[in-house]
Amino acid sequence: MNGFVAALKAELYVTLRSTSARLVLFLPALIVTIRAIVVKLSETGQEARDALLGQGDTASSSSNAWGPLVDSFSTGLTLLSLALVAYAAWTFANDRDTGALRHVLIRRVSRMGLVMAKLLSVFLLALATLGLMSAAIGIITTILWDFGPVVEDGYELISSAEIRTEVALGLRLAIIPLPAALAFGLLLSVLAQSATQAVTSALGITLAMDVFKGVLGERAYYLYASFQPSLIDQSYLQDVSRLVRGYSDVMIDNRVLQLNEWVPIPEALLFIVLALVIVRRKTL
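Residues numbered from 1 in each chain as written. Predicted model: local features only at pLDDT ≥ 70, side-chain atom pairs only at ≥ 80, totals over all residues. Heavy atoms only, no water.

Further remarks concern the environment of Leu188. Position of Leu188 among the secondary structure elements: in helix H7 (residues 178-191). Take Leu188: its relative accessible area is 10%, and that puts it in the buried class. With 100 residues separating them along the chain, Leu188 and Ala88 place their C-alpha atoms 8.7 Å apart. Not counting chain neighbours up to four residues away, the residues in contact with Leu188 comprise Ala198, Ser201, Ala202 and Ile205. (Helix = DSSP H or I, 4+ residues; strand = E, 2+ residues; numbered from the N terminus. Buried < 20%, exposed > 50% of the residue type's maximum accessible area, 1.4 Å probe, protein only. Contact = heavy atoms within 4.5 Å.)

This part takes up the pairing of strand S2 (residues 155-158). Of the strand pairs in this sheet, strand S1 (residues 150-152) and S2 are connected by 3 bridges, and their pairing is antiparallel. Opposite Val150, over in S2, you have Ile158 as the bridge partner. (Pairing = 2+ DSSP bridges.)

Right, let's get into a nonpolar patch on the surface. Taken together, the side chains of Leu207, Val211, Phe212, Val215, Leu216, Leu231 and Ile232 make up a nonpolar region of the molecular surface, amounting to roughly 660 Å² of accessible area. The residue Leu216 is located in the loop between helix H8 (195-212) and helix H9 (236-243) in this model. We classify Leu216 as partly exposed; its relative accessible area is 31%. (Patch = residues over 30% accessible without salt bridge, like charges linked within 9 Å, V, L, I, M, F, W, Y side chains within 5 Å. Areas by Shrake-Rupley, 256 points an atom, 1.4 Å probe, with all protein chains shown as cover. Salt bridge = Lys/Arg side-chain N within 4 Å of Asp/Glu carboxyl O.)

When pLDDT is averaged along the protein, the result is 89, and 96% of the positions lie at 70 or above. Looking at the elements of the protein, mean pLDDT is at its lowest for helix H4 (residues 100-106), recorded as 77, and at its highest for H7, recorded as 96. (pLDDT = per-residue confidence, 0-100.)

Look at helix H6 (residues 160-175) against H9: their axes get within 8 Å of each other, and the N-to-C directions meet at 160 degrees. Relative to H9, the element H6 lies roughly antiparallel. Here the hand of the crossing between H6 and H9 comes out left-handed. Listed contacts from H9 to Glu166, Val167, Leu169, Gly170, Leu171, Leu173 and Ala174 of H6 are Tyr236, Leu237, Val240 and Leu243. (Axes fitted to C-alpha atoms, helices over the stretch in contact; angles between N-to-C directions. Parallel < 35°, antiparallel > 145°, perpendicular 65-115°, else oblique. Left-handed = near helix turned anticlockwise from the far one by under 90°.)

Another aspect to go through is the packing of aromatic side chains. Counted under the stated rule, the structure contains 6 aromatic pairs. For the pair Tyr87 and Trp90, a centre-to-centre distance of 5.7 Å together with 35 degrees between the ring planes defines the contact as tilted. On the criterion of helical spacing, the pair formed by Tyr87 and Trp90 is a turn pair, its members being 3 residues apart in helix H3 (residues 66-98). Here Tyr87 falls in the buried class, since its relative accessible area comes to 8%. With relative accessibility at 26%, the residue Trp90 sits in the partly exposed group. Judged by centre distance (6.4 Å) and plane angle (50 degrees), the rings of Phe184 and Tyr224 are tilted. Taken together, the residues Phe184 in helix H7 and Tyr224 in the loop between H8 and H9 connect sequence positions 40 residues apart. A residue is classified by how much of its surface remains accessible, and Phe184, at 10% relative accessible area, is buried. (Phe/Tyr/Trp six-rings, centres within 6.5 Å; stacked < 30°, edge-to-face > 60°.)

Looking at where Ala89 falls in the secondary structure, it is placed in helix H3. With relative accessibility at 0%, the residue Ala89 sits in the buried group. In the structure, Ala89 is positioned 101 residues away from Val190 in sequence and 8.0 Å away in space, judged by C-alpha atoms.

Here's what the structure looks like:
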């Protein structure tokens, strides 16, 4: 336990002073903020063109904030998951490449303790990144748009309370697969022969899962990647994006939602166990 605590302190010390960690921390928040501003400028330009052409009702053409909010989270979580998977894959393999890993192990830290310390430090970085990104999204969408119920022709389709419930559910289901993605990245970091190989493998396999999940049918629901926001998005957050805009053709499968809650956690534990077993036998 003392070795684990020492390794964790060292990992946190390095993370707080690492340029790579700072990029992972601030980049998603920066990108979603810039994206929201660009979307608002595009909407304003379209409203101005419609007004000049005498089309649309400028008094009610401003969009509700819920749609941009959910879209910002979808974009941010996609960037966040890719960045953190790459970082998790880089951390262990890079220490092995530079020789820092051997120096730590020569002292009082066990291999398993070091892996768990790195995993926990990556989890803490993920929480910090998610918190900063969420704050940035909340602030920028509040400034640029107005939150309210979905109204069409004077009829309230969805109340604000119902929207908040769906958004909260969508975010929770989108975040649940994140530990599995981070554990998978660390597993590849342990398996790879170099940091470059680890990062390219992590990003390559993650993107490959994103591409192939569309052709796996229902079998894709037993893969954690099917439930997280991605470039080819099949997550529930994508459905929420349509719900908060008043679309009534969104089909919700409760069985898929249950798989979303139960599949990623066992897979995360499996990746962690495999990393711990492999690191004990691997030549470092």
